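# Observations on the three-dimensional arrangement
Each chain is listed here by its residues.
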Amino acid sequence: MVEISKKKSYGHFEKNGETFVVTDVETPRHWYNYFFNNDYVAFASQVGAGEGLAQDSMGRRIFLVSGRNVFLKTADKAWSLFGLPIDYGYTDYACAHENGASTVSLSYDGIRSSVRIFVPNEGKCEIWSVTAENTSAQTRELSVIAYAKTEIDGVYRPQCYSLGKGGFLKDKNAVYGHVYGAFESDRNRDIWGYMSASEEADGYDSRRNAFIGPYSDDQHPAAITKMLGCRNSDCNSEKLCYALENKIVLAPGEKKTVHYVVGAALSMDEFIRPTSEFAEGAFAAMKAKYEKELSGVEIKTPMEDLDHLVNGWLKYAADMGSRWARVRHNGYRDLTSDTECFAAVNPSLAWERIKRILSFQYDTGYAPRTFIDGSIKDRNFADNTVWLASAVATIIKELGKKELLLEEVPFNNGTTATVYEHIRRSVDFLFNFQGLYGLVKIWGGDWNDCVNYAGLKGKGVSVWLSIAWCYANKRFRELAKMLGKEDDVKLSEERGKIMAERIEEHGRDKEAGYYIYARTDDDIIMGAHDCEEGQIFLISQLWSVFAGLENAAQAMDRAEEILETPIGIRLAYPAYSHQYDYIGSMAEKEPGVQDNGGIYLHPSAWKLAVDSILRRPDRVEEGIKKMLPGNHEYGETCGEPYAMFNSYFAPETGYRAGTPGQSWRTASSSWMLKSMIEYVFGMHAEMEGLRIDPCLPLSWKNCSIKKIFRGCVYDVRFSCDGQGSDVLSVKVNGEKIDSENNVIPAKEGETLVVEVSLGKK
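The notes below deal with the structure included here. (Residues numbered from 1 in each chain as written. Predicted model: local features only at pLDDT ≥ 70, side-chain atom pairs only at ≥ 80, totals over all residues. Heavy atoms only, no water.)

### Details of empty space enclosed by the protein
- Using the criterion set out here, one finds six cavities of 30 Å³ or more in the structure.
- The computed volume of the largest cavity comes to approximately 130 Å³. (1 Å grid on protein atoms, 1.4 Å probe; cavity = no way out; pocket = protein on both sides within 12 Å on 5 of 7 lines; lining within 4 Å. Points joined across faces, edges and corners; volume = space filled by probe spheres on them.)

See below:
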């Protein structure tokens, strides 16, 4: 396990958790923040490292930024304002990560500096605001030099062609790079990348070898180490970069800011030259957008780190996931599931996004794995359509508008149908996508991308996906009932019984008392007690609870007995020790890594919901503590305290044990949010109103949640006697209600103070 002191925090939360301030630049690894709008997404760590890219509606991308740096230069000295190298002698370092922006500040050589990075609400660009303040007693003459590494012309490889063109446009006050590529078009067209400044540029570089030099690197560019400044370099068929130099003079105590736009454009007319009013106005508009879009939920519990995570960060991460999925690719299931989760905060925006997602669905009901590089790609995944029914049902219930199901949305071939029809076809497709024993085919993978060889012959089946279909079918039935589609309701009930019977007969290890995971093309079972390895998989047991299967509770008991560890619950056990040609890349990972027996946090977030359904408040509390990135009670971690991870490495991984995997780009964030709001706090949206059915940790004697639901503010306050989490009584504005299911209708424009007493019935 990585040696990290439990007292080492590297920073702290501010502004009620909305901001995390990194105060020790040398975190165990880069701690990132993300910024995005509908056209552009970027990320930066506490030292400015990161990337930025633009994307069109079919997933064609412009890789605009692959590295950043900002330098200050005097006549005899130069330094980075991002804090690298970490030991050059600066003081007062801090990086404030907040929703939508990050600001790195430090002091060196009598200059206090800050660099703020954010993405405005519109446009294919990011904005850097560089401020320098003279804290010395002498007038200072300085050069601000902003540098962006780019891959707009492709990743540089020695002895390969670089065909970009670059230079400076005086009327735009911008250094540019020009290439040809496909974007918003199937054919190549003009694509520009540029950096512009609010102040007249005193120098520029568009050629990387001029600014960096052939034998230097991004942290030690020749233009800085040799005290040259920008060389005014054009570029012809060499590697591009963007660098601008702005000279400023600061009297003692004086402060100046230079704003930069780093952007992508399809014509020079799209270049933006920032002004102070533009940059500050864009920043204010961005902050106002998130204040409005993410205001739908706020919690207060005895666990301050949890409050910070939910109130300040999970909502933001779910918003990003709902629009950008995993950033590296437009995963269809990822977009769908994250949008469902985001509906707990902003169902109106979630509705617009789910319609966009539905437009990539086939008219057969099948859905692809992704859309990227200008085309829709199936990649042989079977599960992508199974998430749609639950997402749509969740959003409709949040909004309380069944008529939205009749809105017309295109399929990916241009034909159109109602949203309801999209969902009906998705459920039909999977029910008829049958392999062995009439279960749903696994094909080239289900939720687990890395079980990619099990069903390529078209015979192998996923028991998990068959269980997940039962849940999707149940959610579809809710929609059919809303619209009075009695024939569909009846067919759904009949099919649900058929599939459940098949699962119990062919998808359950009766001797072990839990559900198996899959049966391969050759009917080799994965996830049974007599398997050599991979004897049990968590997700089949979890989803049996969502689906309401008859042996679900027993299956979860067995899963906990076998899979629980001191730092979280495993995805599978025992881990595979070598490649099995009928499994796929899951078995090529080291034991305890990610889905091969690792502590995978997406299913851990599902488990919070499942434990709530099963009325297990002790498990809920333990699960929250084990998942929280800043909680060291069960294990130490080295990642961002304000972001969720895709996994923790299992105990057998040696020095990696307990350390996190990838941050931000994971469904852990979205499902942690949904599980906390909908299941732990029990804020269940129904067509009749908000149903209160929590499963809160017994140690939480008092806690609260505020949720905006159909224009009504629900201020829900819980008191618990520590004996149980059953609802004993509910008062609304001081009046006790007699609702059998504790459903409270919304009153638009009003605030309802809801007092909930919890204990053991």
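Read on for the rest.
### Section: the side chain of Thr339
- Within the fold, Thr339 resides in helix H5 (residues 332-342).
- Within polar-contact distance, the side chain of Thr339 engages the backbone oxygen of Leu335 at 2.7 Å.
- Beyond its immediate sequence surroundings of up to four residues, Thr339 is in contact with Ser322, Ala350, Arg353, Ile354, Ile357 and Ile395. (Helix = DSSP H or I, 4+ residues; strand = E, 2+ residues; numbered from the N terminus. Polar contact = N/O pair within 3.5 Å; in protein donor to acceptor, adjacent residues only side chain to side chain. Contact = heavy atoms within 4.5 Å.)

### Let's talk about the pattern of salt bridges
- Inspection of every chain in the model, using the stated rule, returns 52 salt bridges.
- Where Glu238 meets Arg207, a salt bridge forms, and the shortest distance between an N and an O atom there is 3.8 Å. Pair noted here: Glu238 is in the loop between strand S18 (235-236) and strand S19 (240-250) and Arg207 is in strand S17 (residues 203-207), with a separation of 31 residues, a long-range link.
- Exposure remark for Glu238: the relative accessible area of 31% places this residue in the partly exposed category. (Salt bridge = Lys/Arg side-chain N within 4 Å of Asp/Glu carboxyl O. Buried < 20%, exposed > 50% of the residue type's maximum accessible area, 1.4 Å probe, protein only.)

### Details of a negative patch on the surface
- A cluster of acidic side chains, namely Glu486, Asp487, Glu493 and Glu494, defines a negative patch on the protein surface.
- The residue Glu486 is located in helix H10 (residues 486-506) in this model. (Patch = residues over 30% accessible without salt bridge, like charges linked within 9 Å, V, L, I, M, F, W, Y side chains within 5 Å. Areas by Shrake-Rupley, 256 points an atom, 1.4 Å probe, with all protein chains shown as cover. Lys, Arg positive; Asp, Glu negative; His and termini not counted. Charge placed at Lys NZ, Arg CZ, Asp CG, Glu CD.)

### Structural notes on the sheet that holds strand S21 (residues 297-300)
- In spatial order, the strands read S21-S39-S40-S44-S41-S42; together these six strands make up an open sheet with mixed pairing. The sheet is open, and its two borders are formed by S21 and strand S42 (735-736), each paired with just one other strand.
- Alignment of strand S39 (residues 702-709) against strand S40 (residues 712-720), held across eight bridges, turns out to be antiparallel. Counted as the bridge partner of Ile705 is Val716 from S40. (Pairing = 2+ DSSP bridges.)

### With respect to helix H11 (residues 538-547)
- Burial runs high along H11: 10 of the 10 residues are buried.
- For H11, the set of buried residues is Leu538, Ile539, Ser540, Gln541, Leu542, Trp543, Ser544, Val545, Phe546 and Ala547.
- Just beyond H11, the residue with positive phi is Gly548, at close to 75 degrees.

### Focus on the packing of helix H4 (residues 304-324) against H5
- At a minimum axis distance of 7 Å, the contact between H4 and H5 shows a crossing angle of 140 degrees. Of the two elements, H4 crosses H5, and the hand of that crossing is left-handed. Mapping the contact onto sequence places Lys315, Ala318, Asp319, Gly321, Ser322, Arg323 and Trp324 in H4 and Asp334, Leu335, Asp338, Thr339 and Phe342 in H5.
- Among the residues making up the contact of H4 with H5, the classes are represented as four nonpolar, three polar and five charged. (Axes fitted to C-alpha atoms, helices over the stretch in contact; angles between N-to-C directions. Left-handed = near helix turned anticlockwise from the far one by under 90°. Nonpolar A, V, L, I, M, F, W, Y, C, P; charged D, E, K, R; others polar.)

### Comments concerning the state of the cysteines
- A complete count under the given rule lists zero disulfides for this structure.
- Between Cys95, a cysteine without a disulfide, and Cys638, which holds the nearest cysteine sulfur, the sulfur-to-sulfur distance is 17 Å.
- On the accessibility criterion, Cys95 (0% relative accessible area) is buried.
- In this model Cys160 remains outside any disulfide bridge; the closest cysteine sulfur is found in Cys235, 16 Å from its own.
- Residue classification places Cys160 among the partly exposed positions, given a relative accessible area of 46%. (Disulfide = S-S within 2.5 Å.)

Purely geometric numbers; function is a separate question.
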